[in-house]
Amino acid sequence: MKNLEQFFDIIVVGAGHAGCEAALASARLGLQTVMFTVSVDSIALMPCNPNVGGSSKGHLVRELDALGGEMGKNIDKTFIQSKMLNQSKGPAVHSLRAQADKQAYSTEMRKTLENTENLTIRQGEVTELLVEDNHITGVKTFSGATYHAKAVVLCTGTYLKARCIYGDVSNYTGPNGLQAANYLTDSLKKLGIEMFRFKTGTPARIAGNTIDYSKMEEQFGDKRVVPFSFSTDPESVQIEQKSCWLTYTNEKTHEIIRANLDRSPLYSGMIEGTGPRYCPSIEDKVVRFADKKRHQVFIEPEGLYTNEMYIGGMSSSLPEDVQYEMYHSVPGLEHAKIVKNAYAIEYDCINPRQLYPTLEFKKIKGLFSGGQFNGSSGYEEAAAQGLIAGINAAMEVKGKEQLILDRSEAYIGVLIDDLVTKENHEPYRMMTSRAEYRLLLRQDNADLRLRKKGWEVGLIDDETYHKLQEKERMIHEEIERVEHTTVGGSAEVQSLLESLNSTLLKSGTTIAELIRRPELNYKVLAPIDLKMEPIVEPPQEFRDWVWEYGMSFSRYGIYKETSKGKAEFECTYCKKIGVVDRSKVRLRNNEKGECPFCGSKVTYKARGKMPYQIVDERWFIYVDRQEKGFLLRYFNAKRHIKNDACIETSIFKKRIEESLFEYSRSFWTFVGNTPMKESYEWGVYHQRGLSRWIPDEGNIACMESILYPGNLPQAWEHTPMKYSAL
């Protein structure tokens, strides 16, 4: 009988968090990729906890994003609550954690995969690996179809010979009742691959409308949400968030569990696999921590459009009747109805010491693996491995150098190094304590550490990389500035230090030396650091507003013919100036093209036809209407935002909203005699009333009071201010 036969560059087996990242990486690197899954409806499924991130795991997601992965972008689109953990500790261990809408997360990731060029999604069970001369050549599926490939990435998760267990009930299924993969293990063993049997578990899901939240502590998200992805607009994630809830087990709960330990498959010997030490079941907690009178239980919503609540901290494999009794003993859950029982799941995985640090099998060239198949636990650990495996499979096919991250470079490096070099007989969980260089491996500098590597691989585009270079330049300049900016023992300086319980100065010092004091930081020293210019990315609405004027984020290629066939070329983005050959670079005024130095997209402008002249001390003014008052921004022609001033006084809020346009008028902002913007309505919210700026002659603008003039100092009512003074 003739069976289907197809050819691809790379095959990815599994569509969980590892499989998604592996498939996206290889496809985005230009290779024809097919991804197999037992169910297309389970793509990027979250079968256990409905969240992304957490202590050290948030670091992994940030690093994955810096390299060009998708998880950070996807959770930014689908989270329902976000929190920065460990804020009472140092910034090195601050970790972002976001509660996800599970269905939306899966749907959004599937949409991304389906719209990725070079990527094919196939529903089907891979049952056999095809190997010739210790080199992978393809796979066979349950239907008998053969798929040939130059590299294969295994990301089977917890599906290999999976068995779900609670009490004396045992189902040979994958998580959430999905089909298990029952044949691939045998193929792996025939190829000499050493297999382990691991176990994990999940708690019950309870109907939210049967919970008494009045007996619980409400857990809110952060007021100001920080996105996971470095490319996500921070304003887009400022959403209304859903609450989580905290309650506790008690002595009655523990008595119920102890009385039924003989019925627990974990202690009866029914479960053979090794469970995770750092994510124990509630039975394990009660036995191992017998001195504890209570354990935390987090009630977390599974999504915006479902009543299901995840009972964090109470995973179990106890019988169904015991689960009801146990959960009902917890305050707030006395009348709760179980939607899905808690269960343990056993599955096959490999001994990861059979892998190189590239995640390629030592025995079989071209065969890579990632995720829980490698003996780890958690969505974030899986996604990070999947990305590296996908990148290196692509590099293998292309004949290029593969990517290996050192322990000193990334948490991902620590994760993979631990897996492939250390004895590991239980599901591996990432923790900050595992990273020797954790003080350097902060989540907020992941882009500075890894963006360049993502660009070198090919997953980060030139524009994104150039933004990183600009950020690095600005940081370097600011560090240099604070190292050489001195302050003396003035009354203002001493007063600030005293208010912050810091030792007073006996002689002059630098801002950098003050920052090094543990009780001080860059932000609190702003009042005495008069030269500080915050590094703030201009908002998108302002970029649209300025048309084509000379801000630091505008991109022009300014040229002037110097001799026949030659032109002097200046790029306003990379700041490079040089002579170019016009036969190679077609320069025409107002046409778009590329900078011959940095390759960024620019608009060509003939010198002398520019609408502005860049002068260091001329500042543009931008006023942004905010919910509370108005934000006045000053922009320099060669730098980013110089200063943000948003003075808010709630007693005037309503009056300003009602009165703004009654008093607003058109205005011109002048740079020399060139108008920057016409007919723009605006105002500035001051502590003592609402004022407006009106144009005056030349480079001078005036400010006058239009609300409560009697409450304003007379000098405020008509104060000329030169732009250079702003």
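Residues numbered from 1 in each chain as written. Predicted model: local features only at pLDDT ≥ 70, side-chain atom pairs only at ≥ 80, totals over all residues. Heavy atoms only, no water.

J.: Is there a simple way to explain the overall build of the protein in this structure?
T.: Tallying secondary structure elements over the protein gives 18 helices and 38 strands in all. Expressed as a percentage of the 726 residues in the protein, the buried residues total 54%. Looking at the protein alone, contacts between residues at least 24 apart form 66% of all its contacts between residues at least 6 apart. A total accessible area of about 33,400 Å² is found for the protein, and carbon and sulfur atoms account for 48% of it. (Helix = DSSP H or I, 4+ residues; strand = E, 2+ residues; numbered from the N terminus. Buried < 20%, exposed > 50% of the residue type's maximum accessible area, 1.4 Å probe, protein only. Contact = heavy atoms within 4.5 Å. Areas by Shrake-Rupley, 256 points an atom, 1.4 Å probe, with all protein chains shown as cover.)

J.: I'm lost on the sheet that holds strand β8 (residues 126-132) in this one. Help?
T.: Each strand in a sheet pairs with another by means of backbone hydrogen bonds, the pair being arranged parallel or else antiparallel. Here four strands make up an open sheet; going across it, the order is β1-β10-β9-β8 and the pairing mixed. Both outer strands of the open sheet, β1 (5-7) and β8, are each paired with one neighbouring strand and no more. If you compare each strand with its neighbour and ignore which way they point, the axes differ by 25 degrees on average. Alignment of β8 against strand β9 (residues 135-141), held across six bridges, turns out to be antiparallel. Bridging across to β9, Leu130 finds its partner in Gly138. (Pairing = 2+ DSSP bridges. Axes fitted to C-alpha atoms, helices over the stretch in contact; angles between N-to-C directions.)

J.: It is not clear to me how helix α3 (residues 71-78) should be interpreted in this structure. Could you clarify?
T.: Each α-helix winds once per 3.6 residues, and so residues spaced three or four apart point in a common direction. Burial analysis of α3 places six of its eight residues in the buried class, which makes it a mostly covered element. Residues of α3 that are buried include every one of Met71, Gly72, Asn74, Ile75, Asp76 and Thr78, and no others.

J.: Just checking my understanding: could you explain the packing of helix α12 (residues 446-457) against helix α13 (residues 462-484) for this structure?
T.: When two helices pack together, their arrangement is captured by the angle between the axes and the distance separating the axes. With their axes 10 Å apart at the nearest point, α12 and α13 run at an angle of 150 degrees to one another. Classed by the angle they form, the pair α12 and α13 counts as roughly antiparallel. Seen from above, α12 lies across α13 with left-handed handedness. Side by side, α12 and α13 meet where Asp447, Leu448, Arg451, Lys452 and Trp455 of the first sit next to Asp462, Thr464, Tyr465, Leu468, Lys471, Glu472 and Ile475 of the second. Its residues assigned to classes, the contact of α12 with α13 comprises five nonpolar, one polar and six charged. (Parallel < 35°, antiparallel > 145°, perpendicular 65-115°, else oblique. Left-handed = near helix turned anticlockwise from the far one by under 90°. Nonpolar A, V, L, I, M, F, W, Y, C, P; charged D, E, K, R; others polar.)

J.: Before we go on, may I ask you to explain the nonpolar core in this structure?
T.: In summary, soluble globular proteins display a tendency toward joint burial of nonpolar side chains. Membership of the largest hydrophobic core comes to 102 residues, with the highest contact counts inside it found for Ile11, Val153, Leu154, Leu188 and Ile412. Considering every element that reaches this core, the biggest residue donor is helix α10 (residues 379-398), with 11 residues. The contact partners of Leu188, leaving out residues within four places of it in the chain, are Leu129, Leu154, Leu160, Ile193, Met195 and Phe373. Judged by nonpolar contacts, the second largest core, of 24 residues, contains Met216, Ile311, Met314 and Ala342. (Core = buried A, V, L, I, M, F, W, Y, C linked by side-chain atoms within 4.5 Å.)

J.: Quick question: what am I supposed to make of the packing of helix α2 (residues 57-67) against helix α11 (residues 411-421) here?
T.: The geometry of α2 relative to α11 is characterised by a closest axis approach of 8 Å and an angle of 105 degrees between their N-to-C directions. In terms of axis orientation, α2 runs roughly perpendicular to α11. Residues His59, Leu60, Glu63, Leu64 and Leu67 of α2 form the contact with α11, whose own contacting residues are Tyr411, Ile412 and Leu415. A class-by-class count of the residues in the contact of α2 with α11 yields six nonpolar, one polar and one charged.

J.: Would you explain the sheet that holds strand β4 (residues 51-53) in this entry?
T.: An order of β4-β6-β5 is seen for the three strands of this open sheet, with the pairing classed as antiparallel. Edge strands, defined here as strands with exactly one partner in the open sheet, are β4 and β5 (79-85). Across the sheet, the mean angle separating the axes of adjacent strands is 15 degrees when strand polarity is ignored. Pairing analysis gives six bridges linking β5 to strand β6 (residues 95-100), with the strands arranged antiparallel. In the sheet register, Leu85 faces β6, and the bridge partner there is Ser95.

J.: Teacher, can you tell me more about the packing of aromatic side chains here?
T.: Given two aromatic rings, their pairing is described by the distance between the two centres and the angle made by the two planes. Counting across every chain of the model gives eight aromatic pairs. Each ring, one from Phe569 and one from Phe597, has its centre 5.9 Å from the other, and the planes form 70 degrees; the classification is edge-to-face. Residue Phe569 is located in strand β26 (residues 566-571), and its partner Phe597 is located in the loop between β28 (592-594) and β29 (601-606); the two are separated by 28 residues in the primary sequence. The class for Phe597 is partly exposed, based on a relative accessible area of 30%. In this structure, Arg294 is placed above the aromatic ring of Tyr248, and the distance from its NZ or CZ to the ring centre is 3.6 Å. In this arrangement the basic side chain of Arg434 is found over the ring face of Tyr428, its NZ or CZ atom lying 4.2 Å from the centre. (Phe/Tyr/Trp six-rings, centres within 6.5 Å; stacked < 30°, edge-to-face > 60°. Lys NZ or Arg CZ within 6 Å of the ring centre and 35° of its normal.)

J.: I tried to follow the environment of Cys349 on my own but got confused; where do I start?
T.: Position of Cys349 among the secondary structure elements: in strand β21 (residues 343-350). A relative accessible area of 0% means that Cys349 is categorised as buried. Setting aside residues no more than four positions away along its own chain, Cys349 makes contact with Glu194, Met195, Phe196, Phe198, Gln372, Phe373 and Gly375.

J.: Just checking my understanding: could you explain a nonpolar patch on the surface for this structure?
T.: A surface patch of nonpolar side chains, amounting to about 350 Å² of accessible area, comprises Tyr437, Leu439 and Leu440. Structurally, the position occupied by Leu439 is in the loop between α11 and α12. (Patch = residues over 30% accessible without salt bridge, like charges linked within 9 Å, V, L, I, M, F, W, Y side chains within 5 Å. Salt bridge = Lys/Arg side-chain N within 4 Å of Asp/Glu carboxyl O.)

J.: Whenever I open this one, the pairing of strand β19 (residues 308-312) confuses me. Can you help?
T.: Looking along a regular strand, one sees side chains alternate from face to face of the sheet. Of all five residues in β19, five are buried, a share of seventy percent or more. Taking every second residue as pointing to the same face, both faces of β19 are buried, with Glu308, Tyr310 and Gly312 on one and Met309 and Ile311 on the other. The pairing of strand β18 (residues 296-301) with β19 spans four bridges and is classified as antiparallel. Bridging across to β19, Pro301 finds its partner in Met309.

J.: I tried to follow the pattern of salt bridges on my own but got confused; where do I start?
T.: A side chain of one charge can pair with a side chain of the opposite charge when the charged atoms of the two come close. Per the counting criterion, the structure on display carries 38 salt bridges. The partner of Asp529 in a salt bridge is Arg481, with the nearest N and O atoms 2.7 Å apart. Within this pair, whereas Asp529 is found in the loop between α15 (511-515) and α16 (540-545), its partner Arg481 is found in helix α13, the two being separated by 48 residues in sequence. Neither residue differs from the other here; Asp529 and Arg481 are each classed as buried. Where salt bridges share partners, they join Arg407, Asp417, Asp418, Lys422 and Glu436 into one cluster.

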